[in-house]
Every structure is written in C-alpha cells, then in structure tokens.
Amino acid sequence: MSDVDVAGKTVLLRVDINSPMDPQTKEFLDVTRIRAIIPTMNKLKSAKVVILAHQSRRGKYDFTSTLGHARELGRLLGRKVQWVNDIHGERAMQAIEQMSNGDILMLNNVRMDDDELLKGDISTLSDTSMVQHLASIADVFVNDAFACAHRGSASIVGFTSHIPCIAGVLMGKEIKKLDQALEQPVRPCLAVLGGVKIDDSIEVAQNMLRNNIADEIWATGGVANVFFHVKGIDIGKENIDFLIKAAEGAWDHVVDIATSLLANFPEKIRLPVDVAVNVENNRVDIPLDKLPFGAPIHDLGIKSIFEISTAIKNAGTVILNGPAGVFEHNDFALGTFEILNACAESNAYTVVGGGHTATLVTKRNLAKKMGHVSTGGGACLDYIAGRALPGVVSLESSAALFSMELTKVTKSK
Ligand code: 3PG
C-alpha cells in the first residue's frame, strides 16, 4: 500500500473482521480484528472506502449482519462509518455513487450473497455479478483480509483481473512476521493444534508433517478426539456426534487423513494421556482407559497439561492454534490457559493463530510475550504449512497484470 496513492479513488477494501460474539446478546467478545485494520484505514483517509466483510458462516448462531462491525469501526476510528443493508444491489450501488472523498461505507455480510459461496477458479469467480458490479465502481481493490486469504471465494480472488489488487498493511505485516518464523525455524518445532475446525486442522497437520515443518504435532481439543477415534479408542456417542457435526460434511475425509497420518508419522503425533469430562457441569479427570464415560470430553487431563507445557517450554518454535478445551467454562479452561502460559514462559519463537486463541492471548495480557499473534487461524496455519493462499496468489497475479497501472498511480503522488 505504501507504493500506491489512493487519494480521490474509490477503494474496495476486503477485511476479515469476523469476531467472536456472545451467543445470547450477540455482543462482540473481542474486537481485535476490527482494531487490526486501523492502520490500513488510516492510509485510506483521502479515498472513498467501500468495505467488504463477512461474519461467521450460514447456519451458525453468530452469522449476523455487519451493522455492529460498522458501528464498532466508527467508534474505534472516531469517524463516521455508513452501513448499507445490501452487498451489490441497487441500494449498495447508489450509496457508493453518493460517496465523497474520506467517506467510509460498509456493505452487509458478504456471505449472505450466493456468489460468495460459489466454488470455482479465479475466472469463474470474476464472472459473478457481485464481482462485476463492485469492480465497475472501484479503482483499486485492497485485500487486508489475511485471516481469510486461504478461502478462494469471490470477494477474495474475484477482482484479480478486473482492477489492480494490492495488499493492505495488515496483510503485509502478517506475511512478514510469519516469514520470520519460516525462514529460521529453531528446532524442535511443535504445532499444537486444537479447536473444533477439525477439517482444517487435520489438513494442516498433514502438510506440516509432509513438508517437514513441524517435528511434532501435539493434538488437543477436537483434533485429539479425532485421533482417539481413529486409534480405536471408543470416546462415546456424544463426542463422536459432536465431531461429525464440527466436520461439516467432511467427516470421512477427516478420518481418512487422520488414519494415514497415524500410520505414516506415528512417533510425531502426540496425543493426550488423559482427559477431563463434563459430568453435570463438573470437571472429572479420567485416564483414557476409562473412556467412554458417557460424558462430553471438555479439556485435556492434568497429566497431559503437564506434558504439553513441558514440551512447549523446551521447544525452539511453537505454532499454536485452537483452544484445548471448552475454555468458556472455568472448570475446562485449564488446558487452554496453561498452554498459553507455557508459550509465554517459553524461550521458543511462538506464533499464535486463530480467532479464539488470539482473543485469549489479548485478554490475558500475554501478547507481548509471544513472537507473533496472528489475526488468522486457518490462513496462518496454511501459510506456515507451505500452502499457497488464494488471496496472496491473487495479489501476485494482479500485480503482474496491472504493474503499469500501479506505476501510474504511484507516480501521481
Ligand atoms: C476465520 O475466522 O478464521 C476467518 O474469518 C475465516 O473464517 P472461515 O473459516 O469461516 O472461512
């Protein structure tokens, strides 16, 4: 962005301000991702900024409009942020046409539009009406949505060949910080993978092991439960049902990958030796041979917490993503909190990714003790695992296509 003068231009800005929400009140539990786009917003002060953003996924309790995000951004910036209940229809296009330099307009949740859910290559996605309509009114596309750069959706890659696409400040910062970890990884490098996005995490584990990035994968949370199941440990119906739902249709795929990882890298996959189950809202620590216990597994057991914390303290590099348990419930937050404490105390270069994990780091005041707290979850892991991120590939392709135009924009400074 520092090479481009956007004054007076209409800038389409894709951000990832997908934020955790209270299930009842729908109030934000953390606004780190909204705060993280401020440097880019400041660089765009003299442009007309049209913001494209998503919140959650269809069918989830936190799949809401972006009105709250617009209000919060306005509050953080101390500037007016208009919002329109539309994405690329008549109302949105009219609102964009009426903008003056310095105005900010946020469009509604882009995942409410079917075009955003379409799967396909860049050329298919550039043909969608959403992309065509929005590209027709914008001069430049700025991608600051590092956290969803791993999604090849229309709002991320569709503009590649329509208008010059450039990286926002946050996008640039994330890539620089992650490259630091990749260029000089101090061994041993541990990936501590938890959370409930088990389909993403299992693929990341596969890439990290195949590409020799991680020396060990320490599985926690839902990821550990998948491996238990694949190893033939009966974790009980309630836990299996939960995993199948979390896999969102990819359960067989998840099981296939986990099976092949256990077969090919048995000594590199480290599993908990005990778990904590939730019995009528009370924590009960049990060894694995007591499973199935007829209760949901909600945390690592004490012995496992000790083992994993020791490994983190002795590591050279730690990549942490996803909580180890149901940290929202005090009794089951122990694993997650102790892992974070171990990362903060370790001399290892620690990269913390993932919405929830990063939120906890901020809340527990540990950010300064980590190497890098990424705003990305899956995107951060995919990047570290050596996968090309569609959002980044799109920026590179667009730069190659529009280098002349970008030079002209620069010269007009
Ligand atoms: C995230 O929270 O990791 C990003 O916003 C991407 O969300 P997604 O996994 O729903 O695509």
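Basis of the calculations
- Residues numbered from 1 in each chain as written.
- Predicted model: local features only at pLDDT ≥ 70, side-chain atom pairs only at ≥ 80, totals over all residues.
- Heavy atoms only, no water.
- Helix = DSSP H or I, 4+ residues; strand = E, 2+ residues; numbered from the N terminus.
- Rg over C-alpha atoms; globule rule 2.2 N^0.38 Å.
- Areas by Shrake-Rupley, 256 points an atom, 1.4 Å probe, with all protein chains shown as cover.
- Lys, Arg positive; Asp, Glu negative; His and termini not counted.
- Charge placed at Lys NZ, Arg CZ, Asp CG, Glu CD.
- Near = heavy atom within 4 Å.
- Polar contact = N/O pair within 3.5 Å; in protein donor to acceptor, adjacent residues only side chain to side chain.
- Nonpolar A, V, L, I, M, F, W, Y, C, P; charged D, E, K, R; others polar.
- Expected span 1.5 Å × (residues − 1).
- Buried < 20%, exposed > 50% of the residue type's maximum accessible area, 1.4 Å probe, protein only.
- Core = buried A, V, L, I, M, F, W, Y, C linked by side-chain atoms within 4.5 Å.
- Domains from an automatic or database assignment.
- Contact = heavy atoms within 4.5 Å.
- Pairing = 2+ DSSP bridges.

Draft legend 1. Up close: the overall build of the chain. When its secondary structure is counted, the chain shows 18 helices and 15 strands. For the chain, whose C-alpha radius of gyration is 22 Å, the value lies close to the compact-globule estimate of 22 Å for 413 residues. Seen through its principal axes, the chain has C-alpha atoms that stretch 65 × 45 × 40 Å. Carbon and sulfur atoms make up 51% of the accessible area of the chain, which amounts to about 17600 Å² in all. Across the chain, the centroid of the 42 positively charged side chains sits 6 Å from that of the 48 negatively charged ones.

Draft legend 2. How the structure looks around the site of the ligand. Close contacts around the ligand come from Asp16, Asn18, Arg33, His54, Arg57, Arg111, Ala147, Arg151 and Lys197, and that covers them all. Between an oxygen atom of the ligand and a side-chain N or O atom of arginine 57, the distance comes to 2.7 Å. Here an oxygen atom of the ligand sits 2.8 Å away from a polar atom, N or O, in the side chain of arginine 111. Burial of the ligand by the protein amounts to 93% of the accessible area it has alone, namely 310 Å². When its residues are assigned to classes, the shell around the ligand shows 1 nonpolar, 2 polar and 6 charged.

Draft legend 3. Representation of helix α10 (residues 198–210). With 13 residues, α10 should reach 18 Å at 1.5 Å per residue; the first-to-last C-alpha distance of 18 Å fits that figure. Most of α10 sits out of view: 11 of its 13 residues are buried. Every buried residue of α10 is accounted for by Ile198, Asp199, Asp200, Ser201, Ile202, Val204, Ala205, Gln206, Asn207, Met208 and Leu209.

Draft legend 4. Fine view of the nonpolar core. Judged by nonpolar contacts, the single largest core of 83 residues is most densely connected at Leu134, Phe159, Met208 and Phe227. Broken down by element, the residue count for this core peaks at 7 residues, all from helix α13 (residues 251–264). Formed jointly, this core draws a minimum of three residues from each of two domains, domain 1 (10–171 + 389–408) and domain 2 (187–347). Apart from residues lying up to four places away in sequence, methionine 208 is in contact with Ala191, Ile213, Ala214, Ile217, Ile319, Leu381, Ile384 and Ala385.

Draft legend 5. Examining the side chain of serine 304 more closely. Tracing the sequence through the fold places serine 304 in helix α14 (residues 302–313). Here the side chain of serine 304 touches valine 273 through a polar contact of 2.9 Å, landing on its backbone nitrogen. The contact partners of serine 304, leaving out residues within four places of it in the chain, are Pro272, Val273 and Asp274.

Draft legend 6. Quick look at unusual backbone geometry. The step from arginine 187 to proline 188 runs through a cis peptide bond, and the omega angle for that step is -5 degrees. Cis rather than trans, the peptide bond between leucine 291 and proline 292 has omega equal to 0 degrees. With respect to the secondary-structure elements, proline 292 resides in the loop between β11 (282–287) and β12 (297–300). Phi is positive for asparagine 212, close to 60 degrees, though the residue is something other than glycine. In this fold, asparagine 212 is placed in the loop between α10 and β8 (216–219).

Draft legend 7. Main features of the domain arrangement of the chain. Domain annotation of the chain identifies domain 1 (10–171 + 389–408) and domain 2 (187–347). Put simply, the middle of domain 1 and the middle of domain 2, counted by C-alpha atoms, are 33 Å apart.

Draft legend 8. Focus on the sheet that holds strand β4 (residues 104–106). What the 6 strands build is an open sheet, ordered β3-β4-β2-β1-β5-β6; its pairing is parallel. A single partner strand is all that each edge strand has here, and the edge strands are β3 (82–83) and β6 (165–167). Pairing of β3 with β4 involves 2 bridges; the strand directions are parallel. Each residue of the ladder has a partner; that of glutamine 82, found in β4, is leucine 105.

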